[in-house]
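# An overview of the molecular structure
Residues per chain are reported as follows:
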Amino acid sequence: MSSTLTHLECSFCGRILDANRLQNLCPDCQSPLLARYDLARVREAVTPAEIEHRPHGLWRWHELLPVSDPHCRLTLGEGGTPLIQAHRLAERVGLTTLYIKDEGLNPTGSFKARGMAVAVSRALELGARTLVTPTAGNAGGAMAAYAALAGLEAHVFMPRDAPLLNQLEVQMYGAHLTLVDGLINDAAQLAAAEAAKHNWFDVSTLKEPYRIEGKKTMGLELALHFAENGHWQLPDVVFYPTGGGVGLIGMWKAFDEMVALGWVEKRRPRLVVVQSDGCAPIVKAFEAHADSAQVWQNAHTIASGLRVPAVRGDRLVLRALRETGGTAIAVSDAEILEAQRLIAQLAGVFAAPEGAATYAGLVKLVQSGWIKPDERVLLYNTGTGMKYTHLLTPPS
Ligand SMILES: *Cc1c(COP(=O)(O)O)cnc(C)c1O
Ligand SMILES: [Zn+2]
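These remarks concern the structure in this document.

Calculation rules
- Residues numbered from 1 in each chain as written.
- Chains lettered and ligands numbered in written order.
- Predicted model: local features only at pLDDT ≥ 70, side-chain atom pairs only at ≥ 80, totals over all residues.
- Heavy atoms only, no water.
- Phe/Tyr/Trp six-rings, centres within 6.5 Å; stacked < 30°, edge-to-face > 60°.
- Helix = DSSP H or I, 4+ residues; strand = E, 2+ residues; numbered from the N terminus.
- Buried < 20%, exposed > 50% of the residue type's maximum accessible area, 1.4 Å probe, protein only.
- Lys NZ or Arg CZ within 6 Å of the ring centre and 35° of its normal.
- Core = buried A, V, L, I, M, F, W, Y, C linked by side-chain atoms within 4.5 Å.
- Contact = heavy atoms within 4.5 Å.
- Donors = N, O, S within 2.8 Å, 3.2 Å for Na, K, Ca; no water.
- Tetrahedral: all angles 85-135°; square planar, octahedral: opposite > 155°, others 65-115°.
- Near = heavy atom within 4 Å.
- Polar contact = N/O pair within 3.5 Å; in protein donor to acceptor, adjacent residues only side chain to side chain.
- Areas by Shrake-Rupley, 256 points an atom, 1.4 Å probe, with all protein chains shown as cover.
- Salt bridge = Lys/Arg side-chain N within 4 Å of Asp/Glu carboxyl O.
- Axes fitted to C-alpha atoms, helices over the stretch in contact; angles between N-to-C directions.
- Parallel < 35°, antiparallel > 145°, perpendicular 65-115°, else oblique.
- Left-handed = near helix turned anticlockwise from the far one by under 90°.
- Patch = residues over 30% accessible without salt bridge, like charges linked within 9 Å, V, L, I, M, F, W, Y side chains within 5 Å.
- Pairing = 2+ DSSP bridges.
- Expected span 1.5 Å × (residues − 1).

Another aspect to go through is the packing of aromatic side chains. Inspection of every chain in the model, using the stated rule, returns 5 aromatic pairs. When the centroid spacing of 5.5 Å and the interplanar angle of 75° are considered together, the rings of W232 and W263 count as edge-to-face. In this pair, W232 is assigned in the loop between α8 (210-225) and β10 (237-241) and W263 in the loop between α9 (246-261) and β11 (270-276), connecting sequence segments 31 residues apart. You can call W232 buried: its relative accessible area is 5%. Here the aromatic residues W61, W232 and W263 are joined through ring pairs into a cluster of three or more. Here the basic side chain of R270 rests over the ring of W370, its NZ or CZ set 4.4 Å away from the ring centre.

A word on the nonpolar core. Counting residues in each nonpolar core, the largest one holds 66 residues, and the members touching the most others are W232, M258 and W263. The element that contributes the greatest number of residues to this core is α9, accounting for 10 residues. Not counting the four nearest positions on each side in its chain, W232 is found in contact with P48, I51, E52, W61, A223, L224, A227, M258, W263 and V264. Counting residues in each nonpolar core, the second largest holds 32 residues, with V237, V272, A356 and A360 among its members.

Bringing the coordination of the zinc ion (ligand 2) into the picture now. Taken together, the protein donors to the zinc ion (ligand 2) comprise C10 (SG), C13 (SG), C26 (SG) and C29 (SG), at separations of 2.2 to 2.3 Å. Considering all 4 donor atoms around the zinc ion (ligand 2), the spread of angles at the metal, 97 to 120°, places the coordination shape in the tetrahedral class. Mapping the donors of the zinc ion (ligand 2) onto the primary sequence yields the spacing C-x2-C-x12-C-x2-C. You can see C10 sitting in strand β1 (residues 5-10) and its partner C29 sitting in the loop between β2 (16-17) and β3 (33-37), a full 19 residues away along the chain. On the basis of relative accessibility, which here comes to 26%, the residue C29 falls in the partly exposed class.

This part is about the site of ligand 1. For ligand 1, the set of nearby residues contains 16 residues, the closest of which are K112, Y240, G243, G245 and T382. In this structure, K112 approaches ligand 1 through a side-chain N or O atom, which is 2.9 Å from an oxygen atom. Note that an oxygen atom of ligand 1 is positioned 2.8 Å from one of the side-chain N or O atoms of N138. Bound to the protein, ligand 1 loses 96% of the 390 Å² it would expose on its own. The set of elements that each furnish at least two residues to the shell around ligand 1 consists of β10 and α9.

So, about the pattern of salt bridges. Oppositely charged side chains may form a pair once their charged atoms are brought near each other. Throughout the structure, instances matching the rule amount to 23 salt bridges. Between D181 and R160 there is a salt bridge whose closest N-O contact spans 2.8 Å. Of this pair, D181 sits in the loop between β8 (176-180) and α7 (184-198) while R160 sits in the loop between β7 (153-159) and α6 (164-172), placing them 21 residues apart in sequence. When its relative accessible area of 60% is taken as the criterion, D181 is described as exposed. E213 is the partner of K216 in a salt bridge, and the nearest nitrogen-oxygen pair spans 2.6 Å. In this pair, K216 and E213 are both assigned in helix α8, 3 residues apart and thus about one turn of the helix distant. The pair K216 / E213 is uniform in exposure class, with both members buried. If you follow the salt bridges from partner to partner, you end up with K101, E103, R114 and E221 in one network.

Geometry of a packed helix pair, given as the angle between the helix axes and the separation of the axes. Running from N to C, helix α5 (residues 138-150) and α6 cross one another at 15°; their axes reach a closest spacing of 8 Å. Classified by the angle between their axes, α5 and α6 sit roughly parallel to one another. Relative to α6, the crossing made by α5 is left-handed. Taken together, the residues of α6 that come into contact with α5 (itself represented by N138, G140, G141 and A144) are N166, E169 and V170.

A surface patch of nonpolar side chains, about 270 Å² in accessible area, is lined by F350, M386 and L392. Within the secondary structure, L392 sits in the segment after β13 (376-381). Take L392: its relative accessible area is 32%, and that puts it in the partly exposed class.

With respect to the helices and strands, the residue H155 is situated in strand β7. For H155, the contacting residues outside a window of four places in its chain are T130, L131, V132, T133, M143, H176 and W200.

On to the sheet that holds β2, then. Read across the sheet, 3 strands follow the order β2-β1-β3 without closing on themselves; strand pairing throughout is antiparallel. Strand pairing shows two members of the sheet lacking a second neighbour, β2 and β3, which therefore form its edges. In terms of strand pairing, β1 meets β2 through 2 bridges, oriented antiparallel. Paired with E9 across the strands is I16, a residue of β2.

This brings us to helix α13 (residues 353-367). Each α-helix turn comprises 3.6 residues. Residues three or four places apart therefore point the same way. Taking 1.5 Å of rise per residue, 15 residues should cover 21 Å, and α13 covers 22 Å from first to last C-alpha, within 8% of that figure. Of all 15 residues making up α13, 12 are buried, and the element is well covered by its neighbours. For α13, the complete set of buried residues consists of P353, E354, G355, A356, A357, T358, Y359, A360, G361, L362, L365 and V366.

Have a look at this one:
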């Protein structure tokens, strides 16, 4: 069966746009577009039990994804990542149960593969020939890998001081790499200018609608993991290391769609944004009860994926936090490194610093009483620590 995608909807002004051509931001208000589906058709087409019996991985959700032509559904084995029950880490922090969803096992070593698998597939289906993205690190490699599989030309703009492995992998996958003096927003400006000049398709964070759809599968998968007696369920709290916020927006959208489909109950997990205190625009906005975020000055953190000073999806992220009763918390680089070591030693997961930040945030919210000891808490480890060996001290 084909996708049930019907149209795109502006997340701010509500304008409806044609989903059958390449689109970037809303032409009226420059806000991100959200993909909308015919959920009644989805309900007729597939049952939760059928989905459960499909092969693991992202495309098992194809009715809720935007790609109709099966030949355009690119896959490198993304999604279907393990849910780890971290008993020792739970005990350490004072919880009954603690889960880690380990996205480090994705192709290219991060959950960016989910977003790019769908964005590149859909761009291919709609006839794009050349793709461009700015990146703080992992998005570039993921786009380059799927572009290589599809045979599309790819251009990546990355801060000069992004992790070396992120630079090398882009070139390994045959994409063109441009190093930029500055941060991801500077890289984004340059990428946008080049895209306009050469008519390349810009797949920057939230500038096209389908990376959200790919990352949405993180939320969909949770319902399967927590199913009891065939009834899909969700955990109580989900911690997410937030840079551009795509994954958080995606999960929130997944929960909404599953509630609308009647696949899960109305009660959705409280979403928790974790950022580094060297770049915490969402935390600052949340604490100020604002509905949008300011650009963060002098952004710095070892968690390169969190070094996103200007958050295009700020309104959506803040809405997701408020609507789910969630919160936002900042942690220091020192706390991130300590958490990374603890997660490795008590759970056997070599987490990316971004993923490790979630544990540091969890410690604070358990101490403050915001999390109760018997709640089912899930940490998203968004990438593998093996791409960040520059942060480690070599043995002497
Ligand atoms: C990009 C990235 C993030 C932040 O993801 P967003 O969805 O843009 O907030 C977190 N962790 C890692 C490893 C990343 O590469
Ligand atoms: Zn709009």
